[in-house]
Amino acid sequence: MRTPIVAGNWKMNKTVAEARELVSEIVPLMKEMTDVKVVLCPPAPALLPIAALLEGTQIRLGAQNMHWEASGAYTGELAPAMVAEFGRFVIIGHSERRAYFGETDETVNKKVHAAQATGLTPIVCVGETLEENEASQTSAVVSRQIKEGLKDVNADLIIAYEPIWAIGTGLAATGEMANETIKTIRAVLAELFGTAKAEEIRILYGGSVKGSNAAEFFSQSDIDGALVGGAALKADGFAEIAAAAQNEVTKK
Ligand code: 13P
């Protein structure tokens, strides 16, 4: 069975002081979530202070982005080894990075290579726009993103399927819709890595996940957790989502 992952992508929110406060609220709420892997992806300045707060807990840290080069003249960028000092995970190719910062399947591929070479587990984001969805291109788009983004990498990764129209809109996909696309993604992963490995890869859903709809996603056959934006910025809301994942494991 694939252990569910509930990851919080804080995006460009929370100063270090605010991050500390949020984490101090999150930690006690997660004590009982022993069957769920909880991952926090705060802004880069908060990685070091939060790492200290998470010592001795089961909660893991990740970054929201990084460069593919090991070091050098890349003003404003974060090197893989800098992330690896504090985190185990790194979000790669979030749709906001693709839309606002020019990331492509090609740069995603370079970053996945770099993450794996540094011992980080990449959380690779894919997802279609509203126009693509309405034109029934969802399968084609996510298949291309997976095939191009994961060229010649290994299966030590996590996928997050985040339909762009569902991000920050309050308009989540239905559990069934998301599950169908995630099954397509798993089929493409099977082409790349073989069926056995594809069955082991965690595929998360992201896009307006909250406490009240989390169970609808986690009860689906192929959805292995969530990448949470807005609802991850409040301890209670985030814990409710983790509890829904924990509840699903307990049922099985
Ligand atoms: P929301 O949960 O705010 O819709 O954001 C989802 C997301 O983009 C997580 O990476």
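A brief structural summary. (Residues numbered from 1 in each chain as written. Predicted model: local features only at pLDDT ≥ 70, side-chain atom pairs only at ≥ 80, totals over all residues. Heavy atoms only, no water.)

**Regarding unusual backbone geometry**
Part 1: Unlike most non-glycine residues, Lys14 shows phi in positive territory, near 85°.
Part 2: Take Lys14: it is sitting in the loop between β1 (5–9) and α1 (16–29).
Part 3: With a relative accessible area of 28%, Lys14 lands in the partly exposed category.
Part 4: Phi is positive for Ser136, close to 55°, though the residue is something other than glycine.
Part 5: As for its position among the elements, Ser136 is in the loop between α6 (130–134) and α7 (138–149). (Helix = DSSP H or I, 4+ residues; strand = E, 2+ residues; numbered from the N terminus. Buried < 20%, exposed > 50% of the residue type's maximum accessible area, 1.4 Å probe, protein only.)

**Observations regarding the site of the ligand**
Part 1: Around the ligand lies a shell of 13 residues, among which Lys11, His94, Gly168, Ser208 and Gly230 are the nearest.
Part 2: A distance of 2.8 Å is found between an oxygen atom of the ligand and a side-chain nitrogen or oxygen belonging to Lys11.
Part 3: Residue Gly229 places a main-chain N or O atom 2.9 Å away from an oxygen atom belonging to the ligand.
Part 4: Contact with the protein chains hides 95% of the accessible area of the ligand, taken as 310 Å² for the molecule alone.
Part 5: Broken down by class, the residue content of the shell around the ligand amounts to 4 nonpolar, 7 polar and 2 charged. (Near = heavy atom within 4 Å. Polar contact = N/O pair within 3.5 Å; in protein donor to acceptor, adjacent residues only side chain to side chain. Areas by Shrake-Rupley, 256 points an atom, 1.4 Å probe, with all protein chains shown as cover. Nonpolar A, V, L, I, M, F, W, Y, C, P; charged D, E, K, R; others polar.)

**Points about the pattern of salt bridges**
Part 1: Under the definition given, this model contains 13 salt bridges.
Part 2: In this structure, the salt-bridge partner of Glu199 is Arg2, at a minimum N-O distance of 3.4 Å. A residue pair is termed long-range when its members are at least 10 positions apart, and Glu199 in helix α9 (residues 195–200) and Arg2 in the segment before β1 qualify at 197 residues.
Part 3: Arg97 is paired through a salt bridge with Glu103; the nearest N and O atoms lie 2.9 Å apart.
Part 4: Accessibility expressed as a relative area gives 8% for Glu103, which makes it buried.
Part 5: Among the charged side chains, a network of salt bridges with common partners joins Arg2, Arg186, Glu199, Asp222 and Asp224. (Salt bridge = Lys/Arg side-chain N within 4 Å of Asp/Glu carboxyl O.)

**Some thoughts on the sheet that holds strand β4 (residues 89–92)**
Part 1: With parallel pairing, 8 strands are arranged side by side around a closed barrel as β1-β2-β3-β4-β5-β6-β7-β8. The mean angle between the axes of side-by-side strands here comes to 25°, regardless of whether they run parallel or antiparallel.
Part 2: Here β1 runs beside strand β8 (residues 225–228); their pairing, made up of 4 bridges, is parallel. Among the inter-strand pairings, Val6 is bridged to a residue of β8, identified as Ala226.
Part 3: Each of β5 (121–126), β6 (158–161) and β7 (203–206) touches helix α8 (residues 175–193); the most contacted strand, β7, lies at about 145° to it. (Pairing = 2+ DSSP bridges. Axes fitted to C-alpha atoms, helices over the stretch in contact; angles between N-to-C directions. Contact = heavy atoms within 4.5 Å.)

**Quick word on the environment of Asn179**
Part 1: Positionally, Asn179 belongs in helix α8.
Part 2: With relative accessibility at 4%, the residue Asn179 sits in the buried group.
Part 3: Separated by 23 residues in the primary sequence, Asn179 and Arg202 have C-alpha atoms spaced 13 Å apart.
Part 4: Those residues in contact with Asn179 that lie beyond four places of it in its chain are Gln220, Ser221, Asp222 and Ile223.

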